[in-house]
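Residue-level structural notes
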Amino acid sequence: MESKDSRKRPKRRREQSSKTGKNSSRPKPLQIVYRSKLSDRQLRAILRCYAEGMSPKETMQRCRVSHVTVYRMFNDIRLRLMHVGLYTHPDAYVDGELAAEEEGGPFFDGESLRKKLEAWMGKRRGIHPENRIAYAAQAIFDIDAGKNYVPAQLYRLILFAIKATGPLNRPPRRLDPAIFEQEVARIMMAELRRRVRKSSGAMTALASVIAKLERQIEGYLAELRAESAEELKPPPSSQTLH
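Everything in this summary refers to the structure shown in the same document. (Residues numbered from 1 in each chain as written. Predicted model: local features only at pLDDT ≥ 70, side-chain atom pairs only at ≥ 80, totals over all residues. Heavy atoms only, no water.)

The next subject is the overall build of the chain. Regarding its fold elements, the chain presents ten helices and zero strands. Counted from the first residue to the last, the chain has its helices and strands arranged as α-α-α-α-α-α-α-α-α-α. Sequence-distant contacts in the chain: of pairs separated by 6 or more residues, those separated by 24 or more amount to 58%. Carbon and sulfur atoms provide 53% of the accessible area of the chain, an area that totals close to 17800 Å². (Helix = DSSP H or I, 4+ residues; strand = E, 2+ residues; numbered from the N terminus. Contact = heavy atoms within 4.5 Å. Areas by Shrake-Rupley, 256 points an atom, 1.4 Å probe, with all protein chains shown as cover.)

Have a look at this one:
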């Protein structure tokens, strides 16, 4: 026959388990897609394929998902990266390049950009008219800035964009552009440190970074000189009519 103490032990174990944190709240996993039937692992695999520049067909074969899922997620990623500012609307990109040219920047070759966009878009058949802007934004990124990112960096930025603005298939929350720019800088610096540690030519990598910083500083000083020269110009003399 069991004693009273032995009958009470299970209850004490339950009480102890609740105190140790088994029922405590844990951070929720990142919700990439709201109410998705795919597992988190499958969704992350699709994000990785996008970051690696794989085609929808290659992604379908690797992740074993339908073409509808891949095309929808890829377009949602494009729109989200436009929302956070990594991808630029084509009109805004052209306006920015023309403004930079007028302020003393390099000549903007619009015809060259148009040809590159046509070649990039021509490799992707069946683009829906409603999605052409998002495709063009991705193309501009790949042509202009994409070479500065490795797939791992782009993958982390996609995850950060989702974490900061919500699931891909829900209306995005507003994000301060400065916060995303800080995350871009943090990821870029982390990749640089990784390369320096891994590479035997650490001094070469550092010299490349220094040269890039020097070019950026020179550009900034040129802008300041141009602004100062404009401010120091004497006002146009008014001619007196006799």
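At their nearest, the axes of helix α3 (residues 56-63) and helix α4 (residues 67-84) sit 9 Å apart, and the two run at 120 degrees to each other. Classified by the angle between their axes, α3 and α4 sit oblique to one another. As α3 packs across α4, the resulting crossing turns out to be right-handed. Along the contact surface, α3 presents P56, T59 and M60, while α4 presents H67, V70, Y71 and F74. (Axes fitted to C-alpha atoms, helices over the stretch in contact; angles between N-to-C directions. Parallel < 35°, antiparallel > 145°, perpendicular 65-115°, else oblique. Left-handed = near helix turned anticlockwise from the far one by under 90°.)

Backbone geometry at R35 places phi at a positive 55 degrees, although glycine is not the residue there. Along the chain, the position of R35 falls in the loop between α1 (4-19) and α2 (40-51). Here R35 falls in the exposed class, since its relative accessible area comes to 71%. Unlike most non-glycine residues, R64 shows phi in positive territory, near 55 degrees. Mapped onto the fold, R64 is located in the loop between α3 and α4. (Buried < 20%, exposed > 50% of the residue type's maximum accessible area, 1.4 Å probe, protein only.)

The terminal C-alpha atoms of α2, which comprises twelve residues, lie 17 Å apart, in line with the 16 Å expected from a rise of 1.5 Å per residue. By the burial criterion, the buried members of α2 are L43, I46, L47, C49, Y50 and A51. Buried residues belonging to α2 abut α3, α4, α7 (132-145) and α8 (151-165). Just downstream of α2, G53 is the residue with a positive phi angle, here 80 degrees. (Expected span 1.5 Å × (residues − 1).)

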